[in-house]
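In case you want the letters, here they are:
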Amino acid sequence: MEKKLAGEKATEYIKDGMTIGLGTGSTVYWTIQKLGELVSQGLQIKAIPSSVDTERLAKKAGIPLTTFAEVDMLDLSIDGADEVDAMYNLIKGGGGALVREKFIDTFTRKFIIVVDESKLVSRLGSFPLPVEVIPFGWEVTCQSLAELGCTPVLRKRNDERFISDNGNYIVDCHFTGIDDPASLHSRLKQLLGVVETGLFIDLTTLMIVGKRDGVEVVSPKKNLT
Ligand code: 5RP
């Protein structure tokens, strides 16, 4: 219910003619369903999905899709998160879509996060940090990750290695806590084999928090008019 409230509320910021980035997960699911209704009522938008799952849901909901071949800057992206800290920095990638999510959440004028209260934390890092790595040499990439102070765990699904939409692996990095997300992100990005990290730093324009009795809209940057 909290996720539904947050996900649906975000559609109020979508205006005719916009190009929208659609995130991935069970909160954005509700955004997609509501957006499908609005499109069937005549709203004219196009969207770039951040995963194969979201693409499938968006097509089913009748949402017209586009790609970065046609659009170099989105008007608005709406995405979920696994953790949000007091500076509105995020851990994302619980669903394994972090690379494409980082594209849509970066190349956008405005970025709305939709979460329930359980995602709000004072410090990032209780949720294992997802890092996408190329399959070749993943074992040594994991050793490099461990040298940065975490326990790296190769993600599996149904006992098989999890493969991202980009054909890569996800390593879930268990830290005891992340004190400086920006510095950690830079250090991780320098490691051979690392494609992208689930740290989303200083990107958030607006946060919508679904609660039992409604939604709270928090605006870290006051440019969402
Ligand atoms: C997928 C993500 C999701 O946004 C994140 O896992 C939150 O998902 P949910 O809304 O289902 O809790 O980063 O890669």
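Residues numbered from 1 in each chain as written. Predicted model: local features only at pLDDT ≥ 70, side-chain atom pairs only at ≥ 80, totals over all residues. Heavy atoms only, no water.

Looking up the chain in an unreviewed UniProt entry gives the name Ribose-5-phosphate isomerase A, with the organism given as Rossellomorea vietnamensis. Regarding the chain, the UniProt comment filed under Sequence similarities (unreviewed entry) reads as follows: "Belongs to the ribose 5-phosphate isomerase family." (UniProt positions renumbered as here; feature names shortened; annotations may be inferred.)

This part takes up the pattern of salt bridges. Scanning the model with the defined rule gives 13 salt bridges in all. For Lys92, the salt bridge identified is with Glu101, shortest N-O distance 3.2 Å. Between Glu216 and Lys211 there is a salt bridge; the shortest N-O distance is 2.6 Å. Taking the relative accessible area as the measure of exposure, Glu216 reaches 34% and is therefore partly exposed. A single network of salt bridges, built from pairs that share partners, joins Asp79, Lys92 and Glu101. (Salt bridge = Lys/Arg side-chain N within 4 Å of Asp/Glu carboxyl O. Buried < 20%, exposed > 50% of the residue type's maximum accessible area, 1.4 Å probe, protein only.)

Our focus in this paragraph is helix H2 (residues 28–40). Compared with an ideal rise of 1.5 Å per residue, which puts 13 residues at 18 Å, H2 spans 18 Å between its outermost C-alpha atoms and is within 8% of the ideal. Within H2, the full set of buried residues consists of Val28, Thr31, Ile32, Leu35, Gly36 and Val39. The arc enclosing the buried residues of H2, seen along the axis, measures out at 135°, which places them on a common side. Looking at the buried side of H2, the elements it contacts are helix H1 (2–9), strand E1 (19–22), helix H3 (52–60), strand E3 (74–79) and strand E6 (108–116). (Helix = DSSP H or I, 4+ residues; strand = E, 2+ residues; numbered from the N terminus. Expected span 1.5 Å × (residues − 1). Arc of directions from axis to C-beta. Contact = heavy atoms within 4.5 Å.)

So, about the UniProt feature "active site" (unreviewed entry) in the chain. UniProt tags Glu101 as "active site" (unreviewed entry). Among the secondary structure elements, Glu101 is positioned in helix H4 (residues 98–106). The exposure class of Glu101 is buried, given its relative accessible area of 2%. Here Glu101 is in contact with Gly23, Thr24, Ser50, Asp79, Lys92, Gly93 and Phe200, once residues within four sequence places are set aside.

Residue position: Ile32 is located in helix H2. Note: C-alpha distance between Ile32 and Asp85 (53 residues apart in sequence) is 25 Å. The contact partners of Ile32, leaving out residues within four places of it in the chain, are Leu22, Thr54, Leu57, Ala58, Ala61 and Ile63.

Taken together, 17 residues sit near the ligand, with Ser26, Thr27, Asp82, Gly93 and Lys119 positioned nearest. Within the backbone of Gly80, a nitrogen or oxygen atom sits 3.4 Å from an oxygen atom of the ligand. A distance of 2.7 Å separates an oxygen atom of the ligand from a polar backbone atom of Gly93. Protein contacts shield 92% of the accessible area of the ligand, which totals 380 Å² for the unbound molecule. Among the residues forming the shell around the ligand, the class breakdown is two nonpolar, nine polar and six charged. (Near = heavy atom within 4 Å. Polar contact = N/O pair within 3.5 Å; in protein donor to acceptor, adjacent residues only side chain to side chain. Areas by Shrake-Rupley, 256 points an atom, 1.4 Å probe, with all protein chains shown as cover. Nonpolar A, V, L, I, M, F, W, Y, C, P; charged D, E, K, R; others polar.)

Counting across every chain of the model gives five aromatic pairs. The interplanar angle of 90° and the centroid separation of 5.0 Å between the aromatic rings of Tyr29 and Trp30 together place this pair among those described as edge-to-face. Measuring from centroid to centroid gives 6.2 Å for Phe68 and Phe103, while their planes differ by 45°, and the two rings are tilted. Residue Phe68 is found in the loop between H3 and E3, and its partner Phe103 is found in helix H4; the two are separated by 35 residues along the sequence. We classify Phe68 as partly exposed; its relative accessible area is 32%. An aromatic cluster of at least three residues, connected via ring pairs, comprises Phe68, Phe103 and Phe107. The ring of Phe200 is capped by Lys92, whose NZ or CZ atom sits 5.6 Å from the centre of that ring. When the ring centre of Phe162 is taken as reference, the NZ or CZ atom of Arg155 above it lies at 5.4 Å. (Phe/Tyr/Trp six-rings, centres within 6.5 Å; stacked < 30°, edge-to-face > 60°. Lys NZ or Arg CZ within 6 Å of the ring centre and 35° of its normal.)

Let us look at the sheet that holds E6. Spatially, six strands are ordered E2-E1-E3-E6-E14-E15 in an open sheet, and the strand pairing comes out mixed. The sheet is open, and its two edges are formed by strand E2 (46–49) and strand E15 (214–218), each paired on a single side. When strand polarity is set aside, the average angle formed by the axes of neighbouring strands in this sheet is 20°. Sheet strands touched by H2: E1, E3 and E6. Its angle to E3, the strand with the most contacts, is close to 130°. (Pairing = 2+ DSSP bridges. Axes fitted to C-alpha atoms, helices over the stretch in contact; angles between N-to-C directions.)

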